[in-house]
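# Observations on the model geometry
Read off the chains here:
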Amino acid sequence: MADLSISPQMDAVIQSIYRGALESPPWQQFLGELRTLLGGNFATLLLRPPNIHEKGVVLNSAVFSADIYHAYNDTYFALDPFVNLPDGDVVTISEFLSVADFQQSEYFRSYLQPSDVMHILGADLWGSEGLLARLRVTRPDCADDFGDTEKALCRLLLPHLRLAIEIHSRLRESELERSLYADTFGQLAVGVITLDSQAAVLSSNPVARRLIDTSRGIVLRNGTLQLEVSREQRAFGTLLAEVVSAHHQQLAGCVRAFRLADNAQLQGLSLLLRPLPLSDRSGENSPAVAVFISDPMAPRQAPSEVLTALFGLTPAEARLAVRLVNGFSLEEAAMSLGVSRNTAKSHLSAIFSKTGATRQTQLIQLILNSVVTLAGVQVIDEGVVKCRS
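Let me sum up the structure you'll find in this document. Since the structure is predicted, the reported quantities are computational estimates derived from the model, not experimental observations. (Residues numbered from 1 in each chain as written. Predicted model: local features only at pLDDT ≥ 70, side-chain atom pairs only at ≥ 80, totals over all residues. Heavy atoms only, no water.)

## Remarks on the overall build of the chain
- Scanning the chain from terminus to terminus reveals 14 helices and twelve strands.
- Counting over 389 residues, the chain shows a buried share of 42%.
- Taking as baseline every contact in the chain between residues at least 6 positions apart, the subset at least 24 positions apart corresponds to 58%.
- As displayed, the chain offers around 20,800 Å² of accessible surface, 53% of which is attributable to carbon and sulfur atoms. (Helix = DSSP H or I, 4+ residues; strand = E, 2+ residues; numbered from the N terminus. Buried < 20%, exposed > 50% of the residue type's maximum accessible area, 1.4 Å probe, protein only. Contact = heavy atoms within 4.5 Å. Areas by Shrake-Rupley, 256 points an atom, 1.4 Å probe, with all protein chains shown as cover.)

Written as structure tokens, this is what we have:
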């Protein structure tokens, strides 16, 4: 039977390839081990090569000079002659370009030679949508060029690296989507908390943490989400148990709502509990319930440039509109803006004309149902918060 064993050193390198997909920044250990394994002075992975429009994602095993590192992103990428290699093939610069042409190039004389780089081993990985990555390992002038042994070893690693990069790309895309959705909930002033089956908090967004920190009736005790009022906690616990049960039974339609009692001048928070799908990870610590928290007193955000783009409002009209959305009467809005009631009425008349609304309630509904509240974190005026009695 053939010997199927893998040397400990090769096993460590392969593990570092897959572990690198989860590192931040990724593949630092792998690049260091590859550089050592191939006797190089630099190992570089270009996940997104730079171009004239944007900086690239260039990962290095070692950065001896920040100026040299940024120089490639800023200038020398356009002069690099060792690009667009055949998919999955491993070649040296001496096989790709004559030694004379390489050493006479500005790229070599101005960028590589000052870094003591003479020999380059490279491979490009291509996918259905274009270039996945470029892998480069270099040696100094005092060392020999890369040979067949180093090229063969690199070929063995490339399928693992290709798969790890594809995994990393999907994880990154999922993370970007998650971040976008989290930011959107933040713009809507919706708190989001993820709980396990024991009500232990696994994650929370900034809005939820702010509501917990400002004593609005929700607290964290020993890492679990609880309500301050005992009666409300008992009712909440019953609903949570129902949703946890729905989670285990994969009943996505089991949604429960709960509203905290008003407190002094503060309106009570509203909570919505939804079961999460079963994950591949087993155990009580896996995500089970999502709790969405809405604060009726949170100011609505409406950047003036978005109101202008959607409805053609002037800055003064936009400032009035956002106050009306936040519950101000026309008189209160005029006082807040430091204008007369007649001026505010004139602005409101112009707003009605531009939006097609005929009543303040219709205007508020029109703005809240538009994309305005999703547009960004910049509020027209920080003074729009109004406390209701």
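## Description of the pattern of salt bridges
- Going through the model one piece at a time under the given rule, you end up with eleven salt bridges.
- The shortest N-O distance in the salt bridge between Asp295 and Arg216 comes to 3.1 Å. With Asp295 in the loop between β12 (289–294) and α10 (304–311) and Arg216 in the loop between α8 (206–213) and β8 (218–221), the pair connects residues that are 79 residues apart, well separated along the chain. No difference in accessibility class separates Asp295 from Arg216, as the two residues are buried. (Salt bridge = Lys/Arg side-chain N within 4 Å of Asp/Glu carboxyl O.)

## Re the packing of helix α11 (residues 315–325) against helix α13 (residues 341–355)
- Where α11 contacts α13, the axes come no closer than 9 Å and their chain directions differ by 90 degrees. One finds that α11 runs roughly perpendicular with respect to α13. Along the contact surface, α11 presents Ala316, Glu317, Leu320, Ala321 and Leu324, while α13 presents Ala344, His347, Leu348, Ala350, Ile351 and Lys354.
- When its residues are assigned to classes, the contact of α11 with α13 shows eight nonpolar, one polar and two charged. (Axes fitted to C-alpha atoms, helices over the stretch in contact; angles between N-to-C directions. Parallel < 35°, antiparallel > 145°, perpendicular 65-115°, else oblique. Nonpolar A, V, L, I, M, F, W, Y, C, P; charged D, E, K, R; others polar.)

## What about the nonpolar core?
- The biggest cluster of nonpolar side chains holds 30 residues, and the ones touching the most others in it are Trp27, Phe30, Leu45, Leu135, Leu157 and Leu161.
- For this core, the secondary-structure elements that each account for two or more residues are α1 (8–20), α2 (28–37), β1 (42–48), β4 (119–127), β5 (130–139) and α7 (148–187).
- Non-local contacts of Leu45, meaning those with residues more than four positions away in its chain, are made with Trp27, Leu31, Val57, Val58, Leu59, Ala133, Arg134, Leu135 and Leu161.
- Counting residues in hydrophobic clusters, the runner-up holds 24 residues, among them Leu195, Val243, Val291 and Ile293. (Core = buried A, V, L, I, M, F, W, Y, C linked by side-chain atoms within 4.5 Å.)

## Description of unusual backbone geometry
- Note the cis peptide between Ser24 and Pro25, where omega equals -5 degrees.
- Among the structural elements, Pro25 can be located in the loop between α1 and α2.
- In this model, Asp116 sits at a positive phi of 60 degrees, which is unusual for a non-glycine residue.
- For Asp116, the location among the structural elements is in the loop between α6 (106–112) and β4.

## Considering the sheet that holds strand β7 (residues 201–204)
- Spatial strand order, β7-β6-β12-β11-β10: five strands in an open sheet with antiparallel pairing. Both edges of this open sheet fall to β7 and β10 (256–259), since each of them pairs with a single strand only. Taken pair by pair, the neighbouring strands of this sheet meet at an average axis angle of 20 degrees, ignoring direction.
- Against the sheet, α8 touches β6 (190–195), β7 and β12, its axis set at about 95 degrees to β6. (Pairing = 2+ DSSP bridges.)

## Description of helix α12 (residues 330–337)
- All of the buried residues in α12 are Leu330, Ala333 and Ala334. For α12, the angular spread of buried residues about the axis comes to 100 degrees, placing them on one side.
- Buried residues along α12 sit in contact with α11, α13 and α14 (360–368).
- Looking one or two places after α12, you find Gly338, whose phi comes out positive at around 75 degrees. (Arc of directions from axis to C-beta.)

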